[in-house]
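Next come the chains, spelled out residue by residue.
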Amino acid sequence: MQYHDIMQKFIPRQQGDFDGACGYYSILNALSLVTHRSMCDQDFKHLVLCHKRASKQHGAPWDLLTGMYRDELNHVLSQYVAQHVPEVVQIQRPFWSKKPTLEQYWDTLQLH
């Protein structure tokens, strides 16, 4: 096979192709927006430690490879916020148990 043929079929890999770390990134990106500060390696390490603690009670340590569902994300986020930014961040989940209409969703976003 020619190099040109290989490159035409080549699809570059990106974050998430080989791991389930998107939950970590979603938490750190959201907290970065809310706290107005850039997250760093140390924040990522603290988040992983929170996940490790939460996993003992609520999930498997393989979540880093397979991804986290919302219950696991909730436990990791809650633990991280309680330890690192409790005075800045208040966690609210207005649609945790009910599916809103599009109008309810936008109205709630505008209130926050």
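Conventions we followed
Residues numbered from 1 in each chain as written. Predicted model: local features only at pLDDT ≥ 70, side-chain atom pairs only at ≥ 80, totals over all residues. Heavy atoms only, no water. pLDDT = per-residue confidence, 0-100. Helix = DSSP H or I, 4+ residues; strand = E, 2+ residues; numbered from the N terminus. Buried < 20%, exposed > 50% of the residue type's maximum accessible area, 1.4 Å probe, protein only. Patch = residues over 30% accessible without salt bridge, like charges linked within 9 Å, V, L, I, M, F, W, Y side chains within 5 Å. Areas by Shrake-Rupley, 256 points an atom, 1.4 Å probe, with all protein chains shown as cover. Salt bridge = Lys/Arg side-chain N within 4 Å of Asp/Glu carboxyl O. Phe/Tyr/Trp six-rings, centres within 6.5 Å; stacked < 30°, edge-to-face > 60°. Lys NZ or Arg CZ within 6 Å of the ring centre and 35° of its normal.

Moving on to the confidence of the model for the chain. Looking at the chain, the pLDDT average stands at 80 and 82% of residues meet or exceed 70. Across the chain, helix 6 (residues 102-111) holds the top mean pLDDT of 88, while helix 1 (residues 3-9) sits lowest at 65.

Bringing unusual backbone geometry into the picture now. Despite not being glycine, His 36 shows a phi value in the positive range, around 60°. Here His 36 lies in the loop between helix 2 (22-35) and helix 3 (41-58). You can call His 36 exposed: its relative accessible area is 72%.

A contiguous nonpolar patch, built from Leu 102, Tyr 105, Trp 106 and Leu 109 and spanning about 430 Å² of accessible area, is present on the exposed surface. Structurally, the position occupied by Leu 109 is in helix 6. Judged by relative accessible area, which is 41%, Leu 109 ranks as partly exposed.

On to the packing of aromatic side chains. The tally for this structure, following the rule as stated, stands at four aromatic pairs. When the centroid spacing of 6.1 Å and the interplanar angle of 45° are considered together, the rings of Tyr 25 and Phe 44 count as tilted. You can see Tyr 25 sitting in helix 2 and its partner Phe 44 sitting in helix 3, a full 19 residues away along the chain. For Tyr 25, a relative accessible area of 39% corresponds to the partly exposed category. Taking the relative accessible area as the measure of exposure, Phe 44 reaches 27% and is therefore partly exposed. Plain terms: the ring middles of Phe 95 and Tyr 105 are 5.8 Å apart, the flat faces sit at 35° to each other, and that makes the pair tilted. You can see Phe 95 sitting in the loop between helix 5 (70-84) and helix 6 and its partner Tyr 105 sitting in helix 6, a full 10 residues away along the chain. Using a relative accessible area of 24% as the deciding quantity, one classes Phe 95 as partly exposed. An aromatic cluster of three or more residues is present, and its members are Tyr 24, Tyr 25 and Phe 44. If you follow Arg 70 out to its NZ or CZ, it ends over the ring of Trp 96, 3.9 Å from the centre. If you follow Arg 93 out to its NZ or CZ, it ends over the ring of Trp 96, 5.3 Å from the centre.

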